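# Structural characterization, general
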Amino acid sequence: MLYALLTIILSTIAVFVTAHILPGARVDGWGTALVVAVVLAIVNAFIRPLLLILTLPINILTLGLFTFVILGLCVLLVSAIVPGFHVDGFWWAVAFALILAIISGFLNTIIGER
């Protein structure tokens, strides 16, 4: 339970930092960043795998590069759901997803694996 709470806190920090790094993404505050982290985790757990399975032939043809499109669409979906979180366009959503993954990976190495 403590590990899950720590992961959500680190994800919130990663969302907040990423939104302040990118000029095309904005988050209103820490509360909004927390909601974005939780909703993005839910979208990544349930919707993204379904999209990956449905687009498997395209993903194979593009040698996995279509995964970036799916990541961008997931971030755009979260942007549409969560008030106070805005992404200016598709490419900003892809950049947000990539930078968020890098920052989250860095922060997760600090706490180590479970």
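Use the structure listed above.
Residues numbered from 1 in each chain as written. Predicted model: local features only at pLDDT ≥ 70, side-chain atom pairs only at ≥ 80, totals over all residues. Heavy atoms only, no water.

Attention now goes to the packing of helix α1 (residues 2-21) against helix α5 (residues 90-111). One way to put it is that α1 packs onto α5 with a least axis distance of 9 Å and a crossing angle of 140°. Accordingly, the angle class assigned to the pair α1 and α5 is oblique. At the point where α1 passes α5, the crossing takes the right-handed sense. The residues of α5 that touch α1, namely those facing Y3, L6, L10, I13, A14, V15, V17, T18, A19 and I21, are F96, I99, L100, I103, S104, L107, N108 and I111. Residues belonging to the contact of α1 with α5 are distributed by class as follows: 15 nonpolar, three polar and no charged. (Axes fitted to C-alpha atoms, helices over the stretch in contact; angles between N-to-C directions. Helix = DSSP H or I, 4+ residues; strand = E, 2+ residues; numbered from the N terminus. Parallel < 35°, antiparallel > 145°, perpendicular 65-115°, else oblique. Left-handed = near helix turned anticlockwise from the far one by under 90°. Contact = heavy atoms within 4.5 Å. Nonpolar A, V, L, I, M, F, W, Y, C, P; charged D, E, K, R; others polar.)

As a further point, take the packing of aromatic side chains. Under the criterion given, the structure shown has three aromatic pairs. With a centroid separation of 3.9 Å and 15° between ring planes, the pair formed by F16 and W30 is classed as stacked. You can see F16 sitting in helix α1 and its partner W30 sitting in helix α2 (residues 30-54), a full 14 residues away along the chain. Accessibility expressed as a relative area gives 17% for F16, which makes it buried. (Phe/Tyr/Trp six-rings, centres within 6.5 Å; stacked < 30°, edge-to-face > 60°. Buried < 20%, exposed > 50% of the residue type's maximum accessible area, 1.4 Å probe, protein only.)

Okay, the nonpolar core next. Counting residues in each nonpolar core, the largest one holds 28 residues, and the members touching the most others are V15, V75, V78, F85 and F96. Looking at this core, the elements with two or more residues in it are α1, β1 (25-27), α2, α4 (66-81), β2 (85-87) and α5. Leave out the neighbours within four places in its chain, and V75 touches L40, F85, V87, A93, F96 and A97. (Core = buried A, V, L, I, M, F, W, Y, C linked by side-chain atoms within 4.5 Å.)

As a further point, take the packing of α2 against α4. Taken N-terminus to C-terminus, the directions of α2 and α4 make an angle of 140°; their axes are 10 Å apart at the nearest point. As judged from the angle between their axes, α2 and α4 are oblique. Judged by the twist between their axes, the crossing of α2 over α4 is right-handed. Touching V36, V39, L40, V43, N44, I47, R48, L51 and L52 of α2 are T67, I70, L71, C74, V75, L77, V78 and I81, all from α4. Considered class by class, the residues forming the contact of α2 with α4 number 14 nonpolar, two polar and one charged.

All right, on to a nonpolar patch on the surface then. On the surface, L34, V38, I42, F46, I47, L77 and I81 cluster together into a nonpolar patch covering about 610 Å² of accessible area. Put simply, the parts of the chain that give the nonpolar patch at least two residues each are α2 and α4. A total of five residues in the nonpolar patch trace back to one element, the largest contributor, which is α2. Secondary-structure assignment places F46 in helix α2. (Patch = residues over 30% accessible without salt bridge, like charges linked within 9 Å, V, L, I, M, F, W, Y side chains within 5 Å. Areas by Shrake-Rupley, 256 points an atom, 1.4 Å probe, with all protein chains shown as cover. Salt bridge = Lys/Arg side-chain N within 4 Å of Asp/Glu carboxyl O.)

Within the secondary structure layout, L77 lies in helix α4. L77 gets classed as partly exposed once you look at its relative accessible area, which sits at 33%. Sequence separation between L77 and L40 is 37 residues; the distance between their C-alpha atoms is 8.9 Å. Sequence-distant contacts of L77, that is, excluding residues within four places in its chain, are made with V43 and I47.

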